[in-house]
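Structural overview for review
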Amino acid sequence: MLRITCPHCGVRDEVEFRYRGDASVQRPPADADAAAFVAYVYERDNPRGWHHEWWYHAAGCRQYLQLWRHTVTHTIHAVGTATDTLTPPHGMVDR
Amino acid sequence: MSGPRRITTGLLTDASRPVEFSFDGRRVRGLHGDTVASALLADGARLVGRSFKYHRPRGIVTAGHEEPCALVDLQSADGPAPNRPATIVEIADGLEVVSQNRWPSLSFDLMAVNGLFAPLFSAGFYYKTFMWPGKAWERLFEPAIRRAAGLGVLDRAERGQQTTQPHTEEPVHDHTDVLVIGSGAAGLAAARRLAGSGVRVMLLERDVVAGGGTLLDPRWAAWRTAALEDIATDARLRVLTRTQVIGAYDHGVFAAVETLPPSAQGGGAAASPRERLRVIRTRRVLLATGANERWIACSGNDRPGVMQAGAALAYLRRYGVAVAERPVLFTNNDWAYESAVALHEAGVRIAAIVDPRPASAAAARATAVGITVHHGAMVTAIEGRREVRTVQVARSDGQALTTIQTDGVLLSGGHQPESALATQAGGSLQWREDLAAFAAVLPDRLGATAGAVAGSFGLAAATRDGEAAASRIAAVLGSTRAPDTRARSGTSPTDAPPADPETSPLLALWEVPGRGKAFVDLQHDVTVEDIRQAHREGYTHIEHAKRYSTHGMATDQGRIGGLLGAAVLAAARGQTLPEVGLPTPRPYIHPTTFGALAGGEVGAHLRPVRKFPAHASHVALDATFVPAGLWLRPLVYSQTPGWEPVLRESRAVREAVGVGDASSLGKVDVQGPDAARFLDYIYANRFSTLAVGKARYGIMLREDGCLLDDGTTSRLGERHFLLTTTTANHTAVLEHLEFQSQVVHPEWDVQLTDVTDQWAQFSIAGPRARDLLQRVMPGQDLSNTAVPFMAALPAHIAGVRGRLFRISFSGELAYEVAVPTDRADEVWNALLEAGRPLGVLPYGVDALNTLRTEKGHVTTAELDGNTTAYDLGFERMLKADGDYVGRVLARRPGLTSSTRRQLVGLRPIRKDAKLVAGAILVDPAAPKVNIGDVTSCTPSVLVEGWVGLGLLAGGRGRIGSRLLAVSPLHGESTEVEIITPHWFDPENARVRA
Amino acid sequence: MSVPPRPADARRPHAFRASGRYSALRLLREALGGHQGWRRAWRKAEPRKEYQVVIVGGGGHGLATAYYLANHFGITDVAVVEKGPIGLGNVGRNTTIIRSTYYRPENIRFYDHSLRLWEGLEQELNFNAMVSQRGVVYTYHTDGQRDHMIRRANDMRLAGADCVELDRAALKALIPAISLDSGRFPVLGAFMQPRGGTVRHDAVAWGYARGASEAGVDIIEHCEVTGLRQANGRVTGVETTRGFIGAGTVCLAVAGHSSHLAGMAGIRLPIETHALQAFVSEAIKPFLDVVLMFGAGHFYISQSDKGGMVFGGAIDAHNTYAQRGTQWIAQEVAAEGVALLPALARLRILRQWAGVMDMTMDGTPIISKLPLDGLVMNGGWCYGGFKAIPAGGYTAAHLIAHGEAHPLTAHMDVGRFAAGLTVDEPGTGPFPWAH
C-alpha cells in the first residue's frame with residue numbers, strides 16, 4: 001500500500017485516493033486537430049521508471065494531486081497540488 | 001498423566017494444568033502450554049500424517065511454523081479448519097484434531113498404494129499422459145487426481161449463519177518508527193537498545209512468548225529477563241507475541257496476523273483461533289527473523305521419527321519432552337550438537353552422532369560427556385516404515401560402517417537464514433561460503449537485518465549485531481536521547497550475555513548417495529531424482545525446476561528443503577548455488593486465513609448500506625428494495641412478485657398521480673463567477689443562457705466523445721447552479737468535474753460541493769400532480785405562468801423549506817421537490833396523505849422504468865458508456881461553437897456513422913408476445929447476425945402488450961421495419977416492429993399541461 | 001461470419017524426434033529405466049545472425065505464435081527471444097481460467113475460437129496441459145445484472161458459444177458451499193459457460209515451447225532486447241544482450257512491457273501497465289468443482305487439480321511494473337471470498353503475487369501491424385491474455401505470414417483509436433485503471 005503525503009492532509013494511505021492517470025499529457029487547445037486529442041486521450045509513454053501522474057484525494061480533501069512516482073520501486077519523488085510546478089526526478093523532463 | 005516421554009519440566013508447560021483433547025477420536029492428555037505436536041510426542045506418537053503424493057507415513061519434523069508434515073484438521077461445531085501445523089496449535093480442552101489425507105485411517109491408508117507406483121509418478125508425469133481419449137481428462141483422470149490430491153478438508157456444504165461469523169476481529173492499524181521482527185537474541189537486544197531513545201518501537205514475535213533462541217539455552221534466562229524488563233520500562237515500546245508478520249509491502253507497510261491465546265477466545269474448544277490482522281506502518285524495519293535448520297537428502301529422510309535437531313531441543317526445553325529414547329544425530333555442523341548434549345544431560349541415551357567432518361570443537365565436547373561420535377561418516381539410509389528403526393552409517397568414501405538401532409533421527413544440514421521477509425522488503429541475499437547459506441541484507445534507508453538472518457550465528461553474536469543495527473537506526477531517525485539502556489541494568493554480572501561456545505566450521509553437505517527415496521520436499525514428495533529429472537528435461541532454471549517438480553511449493557514454502565533442492569539442481573547444472581539462486585519468496589511468510597484478512601467486513605457487512613432519508617417510510621409501505629450501487633432503492637411497494645403491483649403504480653401515474661423517491665440522484669452544487677462558463681465546458685449543450693429559476697436537461701461527454709452522463713441542472717442564481725447526476729454515475733461525474741475544474745481549467749473560479757446527502761428528493765407525477773402539490777403548498781401559485789415546465793425555484797413544501805422543480809422523467813405533468821434530509825419522512829408522508837383523495841400511489845424503480853421506457857427516455861441500460869449523442873438522437877444538442885469536453889473526438893467517423901447502433905422503440909407484432917431484456921435483434925434473413933439489442937422493455941400501461949427500447953444498427957433508418965427479437969437462451973423469438981422511441985406524446989403536451 | 005476451421009493445409013505436428021513422444025507406454029518404459037532416458041523438452045538454442053521472423057517474448061503468446069507459424073503456416077525460420085527463462089511472465093502467474101464470456105460478437109468469436117483450440121490442444125501438442133472444461137459460473141444480484149447477463153448469454157449463443165442460466169436451486173446444487181442469502185448482495189441466480197474452465201498454466205508455455213522447438217524454432221532464453229534496428233522505414237532486427245539478430249519481421253509479444261518495446265521504435269501505444277494480483281491457498285480436498293465469479297464485486301475462484309484454491313480480484317489502480325501484491329487488495333479479495341463462500345474463512349492462503357498487464361485504453365487487445373514496416377504486435381491483453389493464447393498465437397501467426405489481419409482480429413487493429421472504432425465492453429472509457 002502506497003503512503004502518499006498530501007500537501008493538504010499529510011501522510012495518508014493509498015486507499016484514500018483514486019488514481020487518475022498520466023499527468024504528462026495536457027489537453028490540447030480547443031482548436032487542435034483530432035490527432036492531438038487522440039494522443040491526449042489514448043497514447044501514453046507508460047514508462048518503466050519515473051511517472052508523472054494524477055491522484056484524486058477522494059476520501060480526504062477532494063483535491064487533485066500530482067506525483068512523480070517510480071513504476072518499479074513505487075518510490076514517490078514529489079507530491080504537489082494541481083497547480084504546483086514540481087521538480088522532476090533527476091534526468092526527467094515532462095512532456 | 002501427560003505422556004510417557006515427558007521427562008522434565010518445560011519452560012512453557014504447566015504440570016498442574018492437564019488438558020485433554022482428541023486425535024483421530026483418541027483422547028490425549030497434555031499440559032497447558034503444549035502444542036498438539038508436543039502433546040502427541042509426549043504421548044509417544046510417531047505417525048501423525050500422510051504425504052501428498054505417495055501417502056507415505058509422516059511424523060513431526062519441526063517444532064514451529066515451518067512444519068511440512070504434521071498438518072492436521074481442527075474440528076468444531078462451526079466448521080473445520082484444515083491444514084493447521086500441529087507444531088503451533090495450542091491444545092485446549094475438547095479440541096478435536098483429525099489427521100489428513102488418509103483413507104480409511106492414518107495407520108492403514110489404502111491410498112498408500114500410490115507408493116507402489118512411485119516409479120511412474122516422477123516429476124511432471126501428469127504432463128505426459130492422461131491425454132487419450134480427449135474427453136477422458138475431465139471425466140476420468142481429473143476427478144481421480146483431484147480426490148487423491150489436497151490435504152485437509154473444508155466443508156463443501158454451507159453451514160448457514162455460523163460459518164459467516166469467522167472468529168476474527170477488525171483489522172488493527174499500527175504506526176511506529178521502528179518495527180523489530182523477531183524477539184530472539186538479536187531482536188531483544190535491538191529493542192532494548194532502542195528503549196528510552198524516544199522512538200516508537202514495536203517488537204513482534206510469532207511465538208507464544210518472547211525470547212526466540214534464548215529460550216532454548218538456560219544460561220540466557222537472566223539476560224532475557226533483564227532485557228524484557230528494560231523494554232517494559234518504555235511506554236513507547238510495545239511487544240506483541242503470537243504475531244506473525246505475513247508480508248512486507250511498499251512504503252514501510254507490513255501486514256501481520258496476531259493469534260489470540262485460547263484463553264482469550266471464549267469457550268473451551270476453539271477450532272479456529274481468533275485472529276487479528278495488523279496493518280503496520282513503520283519508518284524503519286529491523287529484521288531479526290532467525291534461521292531455519294535445513295534438511296539433508298538421504299534415503300528414508302522422511303520416516304516418522306526423523307526430525308530437525310533443533311526441534312528436538314525445542315521439545316525438551318519448552319515442553320520437557322524427549323522426542324526419542326535413543327536418538328541418532330546426523331549433522332554437518334556444531335550448532336546441532338547442543339540438542340544431543342542437552343538430551344544426554346536430561347537422561348536420554350544418544351545412540352550416536354554421525355558427522356562427516358573429521359573433528360570439531362562441539363564433537364570434542366560431546367565425546368567428553370560420553371556420547372559416541374562417528375567422524376567422517378554419513379547416514380546412508382534411515383529405515384523403518386511407520387517409524388524409524390535403524391540407520392545405516394557409512395564412511396564418507398561410501399564404505400559401510402555400522403547399523404544403529406534407534407527410534408529417532410535428528411537431522412541438521414546447517415541453517416538457512418529466514419530471508420523471505422528481507423527479500424520482500426527490498427533487501428538482497430549474499431552467499432556465505434562459511435555458512436553454505438544466503439544471508440539477508442537490507443539497505444539503510446529501509447532498516448537492517450540482525451542476528452542469524454544476517455548470518456550472525458550464535459546468541460552472543462546476535463545480541464551484538466542487534467545492538468549495532470539498533471544504534472544505526474536510532475542515529476538515522478535522529479533520536480537525541482541516550483539510547484544505551486545497558487547503563488541501567490545490562491552491565492550487571494547476572495544478566496551479561498553468556499559467551500557463545502567455540503564452534504568449528506560446517507561442511508556443506510546436501511545429499512548422501514544411496515538407494516531409496518531421498519526427499520528435498522517432504523510435503524510434496526519431491527526427491528533428489530525428481531530434481532535431476534527436471535534438469536534432464538531442460539527445466540534447469542530454479543523457477544522451472546520448482547514448477548515442474550513442485551519443489552518448494554507446499555505449505556512450508558521450502559523452508560527446510562528449499563536450499564537443498566537448489567543445491568541438487570546446482571550440482572546437476574555443474575554450477576554453484578549463488579549461480580542457481582533461490583526462487584523469489586512471495587507473501588505470505590506464513591499461510592494466512594481468509595478470515596484474518598477479511599476481518600468483520602463479510603456477509604451482510606461486505607459493503608456499507610446507503611438508505612434513502614425516507615427509508616423507514618418505504619419500509620412501512622411494504623417496499624421491496626433493490627441494490628443500486630450501495631443504495632437500497634424501493635423497487636416496488638409490494639412483496640408480491642410479478643408485474644401486477646408495478647403496473648398498478650405505473651397506471652396511477654398515468655391516470656392520477658404517483659409519488660416516487662429520487663433521493664439517490666447525485667446532486668452537485670456549482671458556484672462561482674465562472675460557474676456558467678464551466679458548465680458550458682462540461683456539458684455538450686449550453687447552460688450559460690439558462691435563466692435563473694430554470695432547469696435544463698444536459699448531456700455530458702467523456703473526452704473520447706462518448707456519453708458520460710445526463711441529468712437536469714438548474715440555475716439557482718446568476719453564479720449558482722445545482723447539477724444532478726444519475727445514481728450510477730454520481731462518483732464518476734464528481735471526479736470528472738473536479739478533474740476538469742482543478743486540472744484542466746484551474747484558472748476558472750468555480751466551487752463544487754457534493755450535496756447529495758443533504759437533500760431528499762421526491763417526484764410527484766401524473767395528471768393530478770398539480771392538485772396534489774397545491775394541497776401541500778397552499779398559497780403557492782402553481783400555474784404554468786408561475787411554475788412553467790422546467791422551472792426551478794425555492795419553495796415551502798408541506799411547510800418545509802426546500803426547492804421545487806418542474807421536471808418530468810415519466811412523460812407526465814410532474815414536479816420534483818427537494819427537502820432537507822431530516823424532513824424526508826415528514827414531507828413524503830404529507831405528499832401521500834394529501835394525494836389520498838386523488839388516488840395517489842407511491843411508485844418504485846420498476847414503475848419508473850415502465851414509464852420512462854414508454855416515454856423513450858434513456859437510463860444506464862442505454863447510456864452504457866459506448867453510446868454517443870448521435871446514437872441517442874441528441875446530436876442537435878451539441879453546441880456548434882465553444883469548447884466542451886469530448887467535442888473533438890465525438891466527431892471521429894467511427895462515432896458518428898449512421899451504421900452505428902441507434903436508439904429505437906420496439907413493439908411486438910403480436911400483442912400477447914413478451915419482450916425479453918437482453919434479447920438480440922436480428923434480421924429474419926440473417927438470423928445469426930446480431931444487429932442490435934433489446935435494452936429495456938416493459939408491459940405498457942398506455943398501449944396493449946409490451947413495449948421496449950433497443951439499440952439497433954442504423955436504427956433510425958429502420959423505423960417501420962420488422963425484425964426478430966431472439967433469445968436463444970430461452971428459445972424465444974418475437975417479431976417486433978421498429979418504432980420511434982418517442983411515440984408517446986411527442987409534443988410533450990402532458991408534460992406541459 | 002463463422003469461425004474459420006483450422007487451415008486444411010496445416011502441417012500436423014511432427015514426430016517429436018528431439019524430445020520423444022510422450023505416452024503412458026513411454027512413461028512406463030522410462031520408469032523402468034529410472035527416468036534416465038528423458039530428453040530436453042525444448043532445445044536451448046544459441047542465436048543465429050538472422051531469422052525470417054523474430055518474436056520478442058517467450059511467454060504464452062510468443063511461444064504460441066512461434067508454434068503456429070512453424071506448424072500451421074510453414075514458416076520455421078523463427079526465433080523466440082526471451083530476456084529470462086521462458087514462461088515466467090503472465091503465462092506463469094495467472095489464475096488459469098479459459099472462457100469466451102464476452103458481449104461483443106467479435107470478441108465472442110475470437111475467444112470461442114481460442115476455446116476450440118484449447119479443446120484439442122493436448123493432442124496437438126502431445127503435452128497434457130490439463131485443459132479442464134469444468135464450467136465458469138457468474139452470479140448475479142440484481143434484475144438489471146440479470147438482463148445484462150441474458151444479453152451476453154444470447155450474444156454468445158448466437159455466435160456459436162455456449163451459455164446456460166442456473167436458478168438458485170441449481171446453483172446451490174452445483175456449489176453447496178455458496179451463500180445465497182446471508183451476504184450483503186443476495187444471489188438471485190447465475191449464468192454458466194459449461195465449456196469454460198481452467199488449464200495448467202505452466203504446461204501451456206512448456207507445451208508450445210516443445211512443439212515450436214521440435215518444428216525448428218530457436219528458443220533463445222536469457223537474451224534481452226535492448227533496441228529495434230530500422231532502416232528506410234522498416235525494421236531490420238533486434239539489438240540484444242547477446243548481439244544483433246536480423247529479422248524480416250519482428251513481432252512483439254511482451255504483454256505488460258509492450259510500451260517499453262514499442263518505445264524503442266518511437267511508438268507510443270494506447271496502453272498503461274498495471275498489476276493484477278492472484279492468490280493460491282493451501283491444498284484441500286475437492287471443495288469447488290467449477291470456476292466461480294462473484295457478480296457483486298471483483299472476486300473469482302477455482303480449485304486447482306492439486307487442491308489449492310486459486311483466486312483473484314481487481315487490478316491495482318496505478319501504473320506499475322512491479323510484480324508484487326498489495327495488502328489492501330488482499331483484504332478486499334478475502335472479504336468478497338468469505339461473503340460468497342463463508343467456509344473459506346478458515347482456509348489458509350499460501351501465496352500472493354502479481355503479474356503486470358498491458359491495459360489498453362478500451363480493454364481490447366492489440367494484434368496489429370505497428371506504424372513501422374515489419375513490426376507487429378500481439379499484446380494489450382489486459383487481464384485476459386491467458387485464455388487467448390491459442391487464438392492469439394494463431395492469429396498473430398496469420399498476420400505475420402499473410403501480412404494482413406486474420407478476420408477474427410480485424411477489430412484488434414491499433415488504428416481503431418484514431419478512427420473511433422474502439423471496442424470497450426464495460427463502457428468505462430479510456431481509463432485503464434477503471435476497467
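A quick note: this is a predicted structure, and the numbers were derived from the prediction, not measured.

Calculation criteria
- Counting of residues starts from 1 at the beginning of each chain's written sequence and follows it residue by residue.
- Here every chain gets a letter starting at A, and every ligand a number starting at 1, in the order they are written.
- At least 70 in pLDDT is required for a residue's local features to be given in this predicted model, at least 80 for side-chain atom pairs to be given and counted, and no such filter applies to totals for whole chains, interfaces and linings, which use all residues.
- Counting from the N terminus, the helices are the DSSP runs of H or I reaching at least four residues and the strands are the DSSP runs of E reaching at least two.
- Exposure in this text rests on C-beta crowding, where 20 or more other C-beta atoms within 10 Å of a residue's own make it buried, 12 or fewer make it exposed, and counts in between make it partly exposed. The C-beta atoms are placed from the backbone.
- Note on contacts: each residue gets a C-beta atom placed from the backbone, and two residues are in contact if those atoms are within 7 Å.
- By the convention adopted, Pro, Cys, Tyr, Trp, Phe, Met, Ile, Leu, Val and Ala count as nonpolar, Lys, Arg, Asp and Glu as charged, and the other residues, Gly among them, as polar.
- DSSP-based pairing: two strands are paired if at least 2 bridges between them are found.
- The arc under discussion is defined with respect to the helix axis, by the directions toward the C-beta atoms.
- Throughout the structure description, domain borders are defined by an automatic or database domain assignment.
- Axes here mean lines fitted to C-alpha atoms, for a helix over just the part in contact, with angles spanning 0 to 180 degrees between N-to-C directions.
- For the purposes of this analysis, a nonpolar core is taken to be any set of buried Ala, Val, Leu, Ile, Met, Phe, Trp, Tyr and Cys residues that are connected through C-beta atoms within 7 Å.
- In this scheme, roughly parallel covers angles under 35 degrees and roughly antiparallel covers those over 145, while 65 to 115 is roughly perpendicular and the rest are oblique.
- Each helix crossing is assigned a hand: it is left-handed if the near helix lies turned anticlockwise from the far helix by less than a right angle, otherwise right-handed if that turn is clockwise.

Now for the overall build of chain A. From N to C terminus, chain A includes one helix and six strands. The dimensions of chain A, computed from C-alpha atoms along their principal axes, are 40 × 30 × 20 Å. Within the span of chain A, comprising 95 residues, buried residues form 34% of the whole. Within chain A, residue pairs in contact and separated by at least 24 positions form 46% of the contacts whose partners lie at least 6 positions apart.

A separate point is the interface of chain C and chain B. Tallying the contact residues gives 90 residues for chain C and 94 residues for chain B. Counting only elements with at least two residues in the side of chain C that touches chain B, the list comes to helix H1 (24-32), helix H4 (121-125), helix H5 (143-158), helix H7 (201-214), strand E12 (271-283), helix H9 (327-340) and strand E16 (348-360) of chain C. The biggest single contributor to the side of chain C that touches chain B is H5(C), with ten residues. Here the residues of the side of chain C that touches chain B are counted per class, giving 44 nonpolar, 24 polar and 22 charged. Two strands pair when backbone bridges link them, and strand E29 (residues 592-593) of chain B and E16(C) are joined in this way by two bridges, in the antiparallel orientation. Counted as the bridge partner of Thr593(B) is Arg348(C) from E16(C).

When you line up the elements, Arg349(B) lands in the loop between helix H6 (337-345) and strand E17 (352-355). Taking the C-beta count within 10 Å as the criterion, Arg349(B) has 13 such neighbours and is therefore assigned partly exposed.

We now examine helix H19 (residues 769-776) of chain B. Residues lying three or four places apart along an α-helix face the same way, a consequence of the helix completing one turn every 3.6 residues. All names here are of chain B. Among the residues making up H19, those that are buried are Ala769, Arg770, Leu772, Leu773 and Val776. Angularly, the buried residues of H19 cover 160° about the axis, an arc narrow enough to put them on a single face. Residues of H19 that are buried make contact with strand E39 (759-765), strand E40 (792-797), strand E42 (814-820) and helix H20 (824-835).

Residue and element names in this part refer to chain C. The buried fraction of strand E18 (residues 375-379) is high, at five of five residues. Both strand E17 (residues 366-369) and E18 contribute to a ladder of four bridges, which runs antiparallel. Within E18, the position partnered with Ile367 by the bridge is Asn378. Between E17 and the antiparallel strand that follows it, E18, lie five residues; Gly374 among them carries a positive phi value of about 85°.

With that settled, the discussion passes to the interface of chain B and chain A. Across the boundary between the two partners, chain B contributes 18 residues, which contact 18 residues of chain A. Sort the elements by how many residues they give to the side of chain B that touches chain A and helix H18 (residues 730-744) of chain B lands first, with six residues. Of the residues belonging to the side of chain B that touches chain A, the class tally is eight nonpolar, two polar and eight charged.

Considered domain by domain, chain B is made up of domain 1 (1-158), domain 2 (172-291 + 417-495), domain 3 (297-412), domain 4 (518-592) and domain 5 (898-987). Here the C-alpha centre of domain 2 of chain B lies 32 Å away from the C-alpha centre of domain 1 of chain B.

This paragraph deals with the sheet that holds E42(B). Picture the strands of a sheet paired through backbone hydrogen bonds; they go either parallel or antiparallel. All names here are of chain B. Judged by pairing direction, the sheet is mixed, and its six strands sit side by side in the order E40-E41-E42-E39-E33-E43 without closing on themselves. Every other strand in the sheet has two partners, leaving E40 and strand E43 (841-843) as the edge strands with one partner each. Averaged over neighbouring strand pairs, the angle between their axes works out to 30° when direction is ignored. For E39 and E42, the ladder comprises seven bridges, and the chain directions are antiparallel. When the bridges of E42 are listed, Phe762 appears paired with Val817. Relative to E43, helix H16 (residues 644-655) is tilted by about 115°, and along the sheet it contacts strand E33 (658-661), E39 and E43.

Turning next to the nonpolar core. Of all hydrophobic cores here, the largest spans 421 residues; its most connected members are Val180(B), Ala190(B), Leu286(B), Ala297(B), Val54(C), Val56(C) and Cys251(C). The element best represented in this core is H9(C), accounting for nine residues. Judged by nonpolar contacts, the second largest core, of 49 residues, contains Tyr637(B), Val646(B), Ala798(B) and Val817(B).

Residues and elements named next belong to chain B. Examined against the element boundaries, Arg6 turns out to sit in the segment before strand E1 (14-23). For Arg6 and Val323, which are 317 residues apart along the polypeptide, the C-alpha to C-alpha distance reads 8.9 Å. Those residues in contact with Arg6 that lie beyond four places of it in its chain are Ala42, Gly320 and Val321.

The mixed open sheet is built from nine strands, whose spatial order is E29(B)-E16(C)-E12(C)-E15(C)-E14(C)-E13(C)-E4(C)-E6(C)-E5(C). On the outer flanks of this sheet lie E29 of chain B together with strand E5 (164-166) of chain C, each paired with one strand and no other. Along the sheet, H5(C) contacts strand E4 (136-140), E5 and strand E6 (189-193) of chain C; its crossing angle with E4(C), the most-contacted strand, is approximately 150°.

As a further point, take the environment of Pro634(B). All names here are of chain B. The residue Pro634 is located in strand E32 (residues 631-636) in this model. For Pro634, a count of 26 C-beta atoms within 10 Å puts it in the buried group. Measuring from C-alpha to C-alpha, the distance between Pro634 and Glu862 comes to 21 Å, with 228 residues separating the pair along the chain. Not counting residues up to four positions away in its chain, the partners in contact with Pro634 are His618, Ala623, Phe625, Asp661, Gly844 and Val845.

On to the packing of helix H2 (residues 60-72) of chain C against H7(C). Describing two packed helices takes the angle between their axes plus the distance from one axis to the other. Residue and element names in this part refer to chain C. Two elements in contact, H2 and H7, have axes separated by 8 Å at closest approach and are oriented at 30°. For the element pair H2 / H7, the angle class is roughly parallel. The element H2 and its partner H7 pack so that their crossing is left-handed. Where H2 approaches H7, its residues Gly60, Leu63, Ala64, Ala66, Tyr67, Ala70 and Asn71 are matched on the opposing element by Val204, Ala205, Tyr208, Ala209, Gly211 and Ala212. For the contact of H2 with H7, the per-class residue count stands at ten nonpolar, three polar and no charged.

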